[in-house]
Every structure is written in structure tokens, then in C-alpha cells.
Amino acid sequence: MFERFFGAAKLKVIIIGAGVMGMMQARELALQGVEVVLLDKGLSGTEASWAGGGIVSPLYPWRYPEAVTALASWSQAYYPNLIQSLEAESDIDPELTRHGLMMLDVDDWECALDWAAQNQAWLEPVDHAQIYKLEPGLREGCIEALWMSQVSSVRNPRLLKALRVVIDKDPLIELREVSPVANLLASDGGHANGVRLESGEQILGDKILFCSGAWTPQFFPELDIKVLPIKGQMVLFDAEPGLINRVVLSQGKYVIPRRDGKVVAGSTLENTGFDKSTTHEAREALADMAIDLFPELAAYPIAGHWAGLRPSSPSGIPYIGRVPNYTNVYINAGHFRNGLVLAPASVRLMTETLCEQATSLDISPYEPSLRVKVANTP
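Because the structure is predicted, anything quoted here is derived from the model rather than measured.

Definitions and limits used
- Residues numbered from 1 in each chain as written.
- Predicted model: local features only at pLDDT ≥ 70, side-chain atom pairs only at ≥ 80, totals over all residues.
- Heavy atoms only, no water.
- Phe/Tyr/Trp six-rings, centres within 6.5 Å; stacked < 30°, edge-to-face > 60°.
- Buried < 20%, exposed > 50% of the residue type's maximum accessible area, 1.4 Å probe, protein only.
- Helix = DSSP H or I, 4+ residues; strand = E, 2+ residues; numbered from the N terminus.
- Lys NZ or Arg CZ within 6 Å of the ring centre and 35° of its normal.
- Pairing = 2+ DSSP bridges.
- Axes fitted to C-alpha atoms, helices over the stretch in contact; angles between N-to-C directions.
- Contact = heavy atoms within 4.5 Å.

K.L.:
Could you clarify how one ought to interpret the packing of aromatic side chains in this entry?
P.N.:
The relative placement of two aromatic rings is captured by the distance of their centres and the angle of their planes. Inspection of every chain in the model, using the stated rule, returns 7 aromatic pairs. Aromatic side chains Tyr60 and Trp62 sit 5.8 Å apart centroid to centroid with 80° between the ring planes, which places their arrangement in the edge-to-face category. For Tyr60, a relative accessible area of 9% corresponds to the buried category. Measuring from centroid to centroid gives 5.9 Å for Phe220 and Tyr326, while their planes differ by 75°, and the two rings are edge-to-face. Highlighted residues: Phe220 in the loop between strand S10 (207–210) and strand S11 (228–237) and Tyr326 in the loop between strand S16 (319–322) and strand S17 (329–333), separated in sequence by 106 residues. When sorted by exposure, Phe220 lands in the same class as Tyr326, which is buried. One aromatic cluster is present, formed by Phe210, Phe219, Phe220 and Tyr326 through successive ring pairs. In this structure, Arg63 packs its charged tip against the face of Tyr60, placed 4.0 Å from the ring centre.

K.L.:
Can you walk me through the sheet that holds strand S14 (residues 263–266) in this structure?
P.N.:
The strands that make up a sheet pair up through hydrogen bonds in the backbone, lying either parallel or antiparallel. Overall, mixed pairing links the 8 strands, which are arranged S4-S5-S3-S12-S13-S14-S11-S15 in an open sheet. Either end of the sheet is taken by a strand with one partner, and the two such strands are strand S4 (124–127) and strand S15 (302–312). Between one strand axis and the next, the sheet turns through 25° on average, direction left out of account. Relative to strand S5 (residues 144–148), strand S3 (residues 101–104) is paired through 3 bridges, and the arrangement is antiparallel. Residue pairing in the sheet places Leu101 in a bridge with Met148 of S5. Along the sheet face, helix H4 (residues 109–119) touches S4 and S5 and points at about 25° away from the line of S5. Running at roughly 55° to S11, helix H7 (residues 280–293) makes contact with S3, S11, strand S12 (247–250), strand S13 (253–257), S14 and S15 of the sheet.

Structure follows, in C-alpha cells:
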């Protein structure tokens, strides 16, 4: 854990985007003695971070590049300490629960086992008897599965509420909601003096960081930043504790039990631009999927249905680092479906970069300067 320090010349960072990445980033920079202005176009914690399922693991982790595995492994090890600290600081329990991840109908079984051996990940095959010992309410006919006993989930709305309480208490952090940014205040030489809000107000700072998810490319039309919004719809069953005990994944869809018995089922993957509307077809398909896995869910009502815009990126590798053509503008965005699990490591790398410290992980796979070219150039 960083310790707060106060120097003679205090660094001021403007963060655009108050989702889990932006809020976690603000907290960690403040622990370094950095002054932060945190801006959001709407209300904090109400976009993709709120809409996700909160599984603290990539789905089918062996199908991702090593760069994603590195961030996920670091974050998974750090999460228990982070949650304990946030609960102590906010009096809100984000409900980090280690109930494990069971994966059914896996085609690339050997790839999964090879990945687990190479990364010392706790992944093992389980047979029919073990499956139903772990999850008695599962549908009949499951013969084999892959089981990751160490995987946790976090109740992301509660995590976001805890972060919000911590931010409100910190004198080094100023949160400005409903404050959409129009553009950077850029000078010659690629240096930005701050940002201009759509209201016309100017906010000055030493460094500017975009944690703006799928909206990030809008601020850099001259750059080919490949982050796109992918809609994910989810439903929530108002079930009872003990009906489902594990996170279960099948054919890309999942169910997640909460401590109070509610069950999250998701999610769709829809390339519909910035449309966040929900559809009856998706609601029925997700409900049918969940009930097919756990027939007893049919007796419980659907208590919620929503959608969020995941910021997709090539191979799911986020952009973390300085923006090309700028000396003091940075990005931490493009985590696709893995924002919650990758957040702690991504935030740590960005904090170390902004504070000009040695990085905990090799940052080169995420560097925008190595992955982004100026639009319309060879």
C-alpha cells in the first residue's frame, strides 16, 4: 500500500471518467499525495463498471494474451487487501466472495490445462460426482467440467459505493459529476494545460488522464485508438441464498450468486454503438439460459434487467500509458469485459507512470505509443 506524502510542489492530475478505473485511480493517486480533479459526464459509477457481473477473473482466461493474464494475476492477488482497506475506510462491504468458477462445455480443454500449468493457476478437471457435490442444483446430465476454486466475485455496485465514500472523504480529491469534457487545452509542443468543459469552464492541471472507457477515442479523433462500445445486457433473479453457490459459465454465458441469494445472469455481446437500450429478446434469452442451467430459478421473478457498454480493444489488451503526440496526457481504458478484474493492476501501473516511479509490471504491452498511430498515416 502506498503511503501518503506531501511535497513542496504538489502534482495535480485531472481524471476524466469516474467509473471503477477513475475512482480507484483517484484514491491511489491521493495516497501518493497527488491532488486530483475527477470529472464525469454523468454520475459516478453508473456506466460499464456498475453494469458488469463482477467476476474477478477473465472468462476462459487461457484464451487471452499474456498481457491480460499478467494484469489479472496481479489484481487477483491484490484484491483481498484492497477490499479490506475499502471496507475499513467506507464501512461498506463490497462482498468479495471466493465461491469458485465452474466452466461447462469447454472445447479447448487441453489449452486450458496447459495454460494453468504454465501460469500456476488453480484449474482442474472435475467429474460428474464432483460437479454435483459443488453445485447440487445444476441441470442434469453434466459429465465433466473445469473448476477454478480460487476465483472470486465482487458485488460491483457495492464496490463503487465504497469507492465513492472514500473519495468524498479525501481532501485531495474533488469529484465533479455531470461535467462533460469538451476538449483538451493543448498548447504547442503537445503539452495540455488542462481541459475545457462543455459549459465553457476551464480546469487546469499538470497531467490529464482519460479513464473514459468506450468514450475515449472521441477525445482523440486524430489517433487510431481502437476502443469500441460493446453492449452487454444482464438480468437479475430475486432468488434465495443457497439456491446457487458457484459462478457457473457455459457457452460464454454465466450465472453469479450474490450473498443475499440474488442471481445475476449475463451477458450479451452486441455491437450497437452507444445504444444502451434493453430488449425483450435478450431478457428472455438470458433468463432461459439461466433456467436451463438451474431449473429451480424458474420459480423466482426477474427483479432487474439492464445494459452497459464494455470498452472493447484488440485482443482485450487495455491502453495504459501516455498518449502519442502529447507530453502529459494519458489513457487507462479499453479493458473490455475485464475492467473489474484488471483495475487494481492497471491503476497501479498508471499511478507509477504518472508519479515517474518504476512500474510493478512491464508496461510495454499496454503503451499507447507502441500501439496507436496517427489516423490517415501509413
